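Structural characterization, general
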Amino acid sequence: MIKRVVIVGAGPSGVLLAHYLLRRDEQYNVEIYERRSDPQTVPFSSARTFPLVLNQRGMTALSKVEGILAAIKAVSLESTGSLVHQKKGKTQFLPRKKPILILDRRRLVVTLLKMLTQQYSSDLRKAQQRSYRLKIHFDHQCKQVDFEAKTVTFENTAVNSIGEVTVGYDLLIGADGARSRVREQFLSTNQFELEKKYVPSAYKSIFLPAESAASLKAGYIHTWRSSDGIFATLVHDIDGLINGTVNFPRENNPIVNFSTKEQVWQFFREYLPEIAELLPESEVEAFLNRPISTILTIRCNRYHHGDSVLLIGDAAHATSPSLGQGCNASLEDVAFFDQLLDEYPNDIGEVLKQFTLRRKPDAHALVELSDYTFPLSSKLLFLELFIRLRTAQFMHQLFPRYFSPSLLQLLSETTIPYSEILNSHKGWISKVKQANEKFLERQRSPQHVRLN
Ligand SMILES: Cc1cc2nc3c(=O)[nH]c(=O)nc-3n(C[C@H](O)[C@H](O)[C@H](O)COP(=O)(O)OP(=O)(O)OC[C@H]3O[C@@H](n4cnc5c(N)ncnc54)[C@H](O)[C@@H]3O)c2cc1C
């Protein structure tokens, strides 16, 4: 029997899942509902986007549907390493054996959507005959979910449109991100546990025109870190633009009260002087007016409800972006779900149960790794982590049979499960956890003087 699948959220995981399901002959009809407008119609400058790094995990998941990885590569820039900028113009280079892809989230989603609609276009006439296979509804915000009746209600938020629509489903996929509405409904079910935590840092996006940052080499991830828990990441995109994020402590943060351009200048000169030199006046103003974003990490004890609801991607396991793994793990979820459909072809209930059982240890390990691989203190970062990473990389290169790759290589150049990686690096993770707690305590103390 054909199943009606409703996917809430047209982010990377929701759209890739639609590709995977629709290539399974005629088994599934897919409807995607997304609260935002079609990203193909929104100008880049007003899109809420940031650069993403796709590693071996994400690329493997994308490669399983013909043509997708090639299309994503065509709109990405390859990166062969990270350049860590230190004081007085000093830099540390962390090379990569296997290149990763850099592109912004919007471009990833737009490419996935374009390919989806080209291949399974939602022809209205066919839809009326109920023989459609794909429908995408933008400007539809999920408001209510009824697990008993198997219905979801969406509010149409497009300008000049009012009203709600309620649709039925056989399978409901919550791919609606860290603040998932579908997941909220799980809270009314028996023994569902959810842990939500804010990452200690908040961020603002930053965009630089290519000409103002010509000194930054393309193809590298550029990072800066000050001793006050303030750090920035900048990368080029395929069009030559440079974008990234400036991160700062979420509590007592110096930026929240800024009201003038002079305060922005002063902040950059004090904490990120090399970026201050690249900033054009127009970006200072835009930076001042851009909203501050906070990041949630999510852990749940269950990703499914019965045989008809599943959470994937950030809705199931949002993490800190420090390792650049969240999207990769979300895409991996889709490939894993697909593998389970092959393992249990006639038993969707078992597929969902197994998804929770087998994905949870890796998802929980990822949250832990993302929180505690990088120390907040730049001393521990530069003095110990980089030495560890370089030594491991060097020894692995010389004696690959006897020395495992470095922690970062394991995370981004392999598809080894996150739980295995966490097990083999428990010592470092617990050291960073303790050091970070002390760092945050110091920051909260009233003696800690901050720029304001
Ligand atoms: C600054 C930053 C940098 C990052 N860098 C990286 C990186 O380098 N590499 C990496 O792998 N990951 C990175 N991540 C994480 C990555 O962005 C996420 O893990 C990834 O986007 C998750 O994909 P998703 O499809 O599960 O969820 P999302 O991308 O959050 O998409 C969810 C979608 O659901 C929609 N939605 C939400 N609520 C509703 C509703 N009620 N009704 C209808 N639709 C709804 C949203 O509008 C959105 O389109 C970064 C994150 C941040 C914040």
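In this text, all values refer to a predicted model and were calculated from it rather than measured experimentally. Counting from 1, residues in each chain are numbered in the order their sequence is written. In keeping with the predicted nature of the model, local features appear solely for residues at pLDDT of at least 70, side-chain atom pairs appear and are counted solely at 80 or more, and the whole-chain, interface and lining totals rest on all residues. Hydrogen atoms and water are omitted, and side-chain values are computed over all heavy atoms in the structure.

Considering the nonpolar core
With 75 residues, the main nonpolar core has Val30, Leu172 and Phe337 as its most contacted residues. For this core, the element with the highest residue contribution is helix 11 (residues 326-343), accounting for eight residues. We call two residues in contact whenever any of their non-hydrogen atoms come within 4.5 Å of each other. Excluding its chain neighbours within four sequence positions, the residues that come into contact with Leu172 are Val6, Val8, Val145, Phe147, Val152, Val182, Ser308, Val309 and Leu310. Leu208, Ile242, Phe248 and Phe258 belong to the second-largest nonpolar core, a separate cluster that totals 27 residues. Side-chain atoms within 4.5 Å are what join buried Ala, Val, Leu, Ile, Met, Phe, Trp, Tyr and Cys residues into a set we call a nonpolar core. Buried residues are those whose accessible area, probed at 1.4 Å on protein chains only, stays under 20% of the maximum for their type, while exposed residues exceed 50% and partly exposed ones sit between those limits. The helix count covers DSSP runs of H or I at least four residues long, the strand count covers runs of E at least two residues long, and both are numbered beginning at the N terminus.

Section: the sheet that holds strand 7 (residues 140-146)
When DSSP locates at least two bridges between a pair of strands, those strands are taken to pair. Strand order across the open sheet formed by three strands is 7-8-9, with antiparallel pairing between neighbours. The strands lining the two open edges of the sheet, one partner per strand, are strand 7 and strand 9 (164-168). If you compare each strand with its neighbour and ignore which way they point, the axes differ by 25° on average. Inspection of the sheet shows strand 8 (residues 151-156) paired to strand 9 by five bridges, in the antiparallel sense. Bridge pairing in strand 9 places Phe154 opposite Val165. Between the N-to-C directions of two axes lies an angle of 0 to 180 degrees, each axis being a line fitted to C-alpha atoms and, for a helix, fitted only over the stretch in contact.

Examining the site of the ligand
Near the ligand lie 32 residues; those nearest to it are Glu34, Val53, Cys142, Asp314 and Cys327. Pairing of N or O atoms within 3.5 Å defines a polar contact, subject to two protein rules: one partner must be a possible hydrogen donor and the other a possible acceptor, and residues neighboring in sequence count only if both atoms are side-chain atoms. Within the contact set of the ligand, an oxygen atom lies 3.2 Å away from a backbone nitrogen or oxygen of Pro12. In this structure, an oxygen atom belonging to the ligand sits 2.8 Å away from a side-chain N or O atom of Asp314. Taken together, the elements giving at least two residues each to the shell around the ligand come down to helix 1 (12-22), strand 3 (51-54), strand 7 and helix 11. For the shell around the ligand, the element with the most residues is helix 11, which contributes four residues. We call a residue near a molecule or strand whenever a single non-hydrogen atom of that residue lies within 4 Å of it.

A few points about the sheet that holds strand 12 (residues 201-208)
Strands sit in the order 3-5-4-13-14-15-12 across an open sheet of seven strands; the sheet is mixed. The sheet is open, and its two edges are formed by strand 3 and strand 12, each paired on a single side. Shown here is a sheet whose adjacent strand axes are inclined to one another by a mean of 30°, direction ignored. The sheet contacts of helix 9 (residues 281-289) involve strand 12 and strand 15 (242-249), and relative to strand 12 the element is tilted by about 150°.

Considering the domain arrangement of the chain
As assigned here, the chain comprises domain 1 (3-77 + 105-197 + 295-369), domain 2 (200-289) and domain 3 (375-444). Taken over C-alpha atoms, the centre of domain 1 sits 31 Å from the centre of domain 3. Counting from both sides, the interface comprises 14 residues of domain 1 and, opposite them, 16 residues of domain 3. The quantity reported as buried area is the accessible area (1.4 Å probe) lost by two parts once they are put together, taken as the sum for both. Each partner contributes to the roughly 1300 Å² buried at the junction of domain 1 and domain 3, and carbon and sulfur atoms together form 64% of this total. Salt bridge, as applied in this entry: a Lys or Arg side-chain nitrogen positioned within 4 Å of an Asp or Glu carboxyl oxygen. Counting across the domain 1 and domain 3 interface gives one salt bridge. One salt bridge connects Glu368 with Lys433, and the closest N-O pair in it is separated by 3.2 Å. Here domain 1 and domain 3 share nine residue pairs in polar contact (both at pLDDT 80 or more) between them. Boundaries between domains were set according to an automatic or database domain assignment.

Focus on the side chain of Asn436
Residue position: Asn436 is located in helix 16 (residues 426-444). Among the residues examined, Asn436 registers a relative accessible area of 5% and is labelled buried. Sequence-distant contacts of Asn436, defined by excluding residues within four places in its chain, comprise Asp371, Tyr372, Phe374, Pro375 and Leu376.

Some details on the pattern of salt bridges
For the structure shown, the criterion picks out 23 salt bridges. For the salt bridge of Glu155 with Lys143, the shortest nitrogen-to-oxygen distance reads 3.5 Å. Here the residue Glu155 occupies a position in strand 8, and Lys143 occupies one in strand 7, the gap between them amounting to 12 residues. When salt bridges that share partners are traced, they join Arg23, Arg24, Asp338 and Asp342 into one network.

A short note on the packing of helix 7 (residues 261-271) against helix 9
Running from amino to carboxyl end, helix 7 crosses helix 9 at an angle of 105°, the nearest separation of the two axes being 9 Å. As summarised for this structure, helix 7 and helix 9 are arranged roughly perpendicular, according to the angle between their axes. Touching Lys261, Val264, Trp265 and Phe268 of helix 7 are Glu281, Val284, Glu285, Phe287 and Leu288, all from helix 9. For the contact of helix 7 with helix 9, the class distribution of residues is six nonpolar, no polar and three charged. An angle below 35 degrees is treated as roughly parallel, one above 145 as roughly antiparallel, one from 65 to 115 as roughly perpendicular, and anything else as oblique. Classes in brief: Ala, Val, Leu, Ile, Met, Phe, Trp, Tyr, Cys and Pro nonpolar; Asp, Glu, Lys and Arg charged; the others, Gly included, polar.

Describing helix 11
Expected span of a helix, by definition, is 1.5 Å for each gap between consecutive residues, and there is one gap fewer than residues. With 18 residues, helix 11 should reach 26 Å at 1.5 Å per residue; the first-to-last C-alpha distance of 25 Å fits that figure. Of all the 18 residues making up helix 11, 15 are buried; the element is thus mostly covered by neighbouring parts of the structure.

Concerning the pairing of strand 4 (residues 77-85)
As paired elements, strand 4 and strand 5 (residues 91-104) share eight bridges and run antiparallel to each other. Looking at the pairing, His85 lines up with Thr91 of strand 5. The antiparallel hairpin formed by strand 4 and strand 5 contains five residues in its connecting segment, where Lys88 sits at a positive phi of about 55°. Where strand 4 and strand 13 (residues 220-225) come together, five bridges link them in parallel fashion. What sits directly across from Ser82, in strand 13, is Ile221.

Regarding the side chain of Gln325
Mapped onto the secondary structure, Gln325 falls in the loop between helix 10 (314-317) and helix 11. At 3.5 Å, the side chain of Gln325 forms a polar contact with the side chain of Asn55. Here Gln325 is in contact with Asn55, Arg57, Leu366, Leu411, Ser412 and Tyr418, once residues within four sequence places are set aside.

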